[in-house]
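Chain by chain, the residues run as shown.
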Amino acid sequence: MNILTVCGMGSGSSLILKMNVDEILEAESRDAEVEACDIGSVGAHNADLILATRDFKDPLEEYDVDKIFLGNVVDKVAIKQELDTYFEEKGN
């Protein structure tokens with residue numbers, strides 16, 4: 001599975017989110033490649049899931065890929081909840 005974390009510049013909140021997602025996935029023994037990028041580079045990536053803040057909901061609508069929009073990229077409990085719900089719905 002390829003997961004893309006997205007923010008405006010690709011080096012701020014998306015990097016923090018990537019590190020948190022990596023930590024959560026490792027703790028749950030889930031296998032996935034997580035990559036951080038800027039909003040302008042999303043189309044160049046082959047992602048199964050995009051995670052970003054709610055600020056990027058409209059610009060990311062054009063991409064036909066699963067998405068999770070978060071209120072806070074440092075809230076690991078909320079991120080874990082969203083990921084667990086996603087994987088449960090996907091049967092993983």
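In case you missed it, the structure is sitting above this.
Residues numbered from 1 in each chain as written. Predicted model: local features only at pLDDT ≥ 70, side-chain atom pairs only at ≥ 80, totals over all residues. Heavy atoms only, no water.

### Concerning the overall build of the protein chain
Along the protein chain, the regular secondary structure elements total three helices and four strands. Reading the protein chain from its N end, one meets helices and strands in the order β-α-β-β-α-β-α. Considered along the principal axes of its C-alpha atoms, the protein chain spans approximately 30 × 25 × 20 Å. Relative to its 92 residues, the protein chain shows a buried fraction of 36%. Across the protein chain, contacts joining residues at least 24 apart in sequence account for 55% of those joining residues at least 6 apart. Surface accessibility of the protein chain: about 5400 Å² in total, with carbon and sulfur atoms responsible for 43%. (Helix = DSSP H or I, 4+ residues; strand = E, 2+ residues; numbered from the N terminus. Buried < 20%, exposed > 50% of the residue type's maximum accessible area, 1.4 Å probe, protein only. Contact = heavy atoms within 4.5 Å. Areas by Shrake-Rupley, 256 points an atom, 1.4 Å probe, with all protein chains shown as cover.)

### Focus: the packing of aromatic side chains
For the structure shown, the criterion picks out one aromatic pair. Ring plane angle 70° and centroid distance 5.4 Å describe the contact between Y86 and F87, whose orientation is recorded as edge-to-face. (Phe/Tyr/Trp six-rings, centres within 6.5 Å; stacked < 30°, edge-to-face > 60°.)

### Overview of the sheet that holds strand β2 (residues 33-38)
What the four strands build is an open sheet, ordered β2-β1-β3-β4; its pairing is parallel. In this open sheet, the two edge strands, each paired with only one partner strand, are β2 and β4 (66-70). For this sheet, the mean angle separating the axes of adjacent strands, direction not counted, is 25°. Its contacts with the sheet place helix α3 (residues 76-90) against β3 (49-53) and β4, and it is angled at close to 160° to β4. (Pairing = 2+ DSSP bridges. Axes fitted to C-alpha atoms, helices over the stretch in contact; angles between N-to-C directions.)

### Some points on the nonpolar core
Nonpolar side chains in soluble globular proteins tend to be buried together. Residues I3, V21, L51 and L83 are the most contacted members of the largest nonpolar core, which totals 16 residues. Listed by contribution, the elements that provide at least two residues to this core are α1 (13-27), β3, β4 and α3. Contacts of V21, omitting those with residues within four sequence positions, involve I3, T5, V34, L51, I79 and L83. Formed by twelve residues, the second largest nonpolar core is a distinct cluster that contains V6, C7, A52 and F69. (Core = buried A, V, L, I, M, F, W, Y, C linked by side-chain atoms within 4.5 Å.)

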